[in-house]
Amino acid sequence: MSLSKVIFVVSIMASFLMLVASVIAFVIHDIGYFWIMFALMVVSILQNISVYKHISTSDEPVKG
């Protein structure tokens, strides 16, 4: 497994934890923290999409 795939998996887990944090903040009525975590989660998901596009195009096996 290449380093870019490891970083991609860690980034997906971080996005999931941001989702959990935003739900907890919403439940305890901390709206400011909810919006911060929600915005960070959206940015992280967009970054994951771009990283996935990069991984899917650059890690193709070399034909010899």
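Residues numbered from 1 in each chain as written. Predicted model: local features only at pLDDT ≥ 70, side-chain atom pairs only at ≥ 80, totals over all residues. Heavy atoms only, no water.

1. Overview of the side chain of Ser 15
Point 1. Along the polypeptide, Ser 15 turns up in helix 1 (residues 3-27).
Point 2. Judged by its relative accessible area of 8%, Ser 15 is buried.
Point 3. Aside from chain neighbours lying at most four places away, what touches Ser 15 is Met 41, Ser 44, Ile 45 and Asn 48. (Helix = DSSP H or I, 4+ residues; strand = E, 2+ residues; numbered from the N terminus. Buried < 20%, exposed > 50% of the residue type's maximum accessible area, 1.4 Å probe, protein only. Contact = heavy atoms within 4.5 Å.)

2. Overview of the side chain of Ser 22
Point 1. With respect to the helices and strands, the residue Ser 22 is situated in helix 1.
Point 2. Among the polar contacts listed, one links the side chain of Ser 22 to the backbone oxygen of Leu 19, at a separation of 2.8 Å.
Point 3. What Ser 22 contacts, discounting residues up to four positions off in sequence, is Phe 34, Met 37 and Phe 38. (Polar contact = N/O pair within 3.5 Å; in protein donor to acceptor, adjacent residues only side chain to side chain.)

3. A word on the packing of aromatic side chains
Point 1. Going through the model one piece at a time under the given rule, you end up with 5 aromatic pairs.
Point 2. With centroids separated by 5.1 Å and ring planes inclined at 65°, the aromatic side chains of Phe 34 and Trp 35 adopt a geometry described as edge-to-face.
Point 3. Its relative accessible area of 15% is what places Phe 34 among the buried residues.
Point 4. One aromatic cluster in this structure is built from Phe 26, Phe 34, Trp 35 and Phe 38. (Phe/Tyr/Trp six-rings, centres within 6.5 Å; stacked < 30°, edge-to-face > 60°.)

4. Examining helix 1
Point 1. The terminal C-alpha atoms of helix 1, which comprises 25 residues, lie 36 Å apart, in line with the 36 Å expected from a rise of 1.5 Å per residue.
Point 2. Within helix 1, burial applies to Phe 8, Ser 15, Met 18, Ala 21, Ser 22 and Ala 25.
Point 3. Immediately downstream of helix 1, the backbone of His 29 shows phi near 60°, a positive value. (Expected span 1.5 Å × (residues − 1).)

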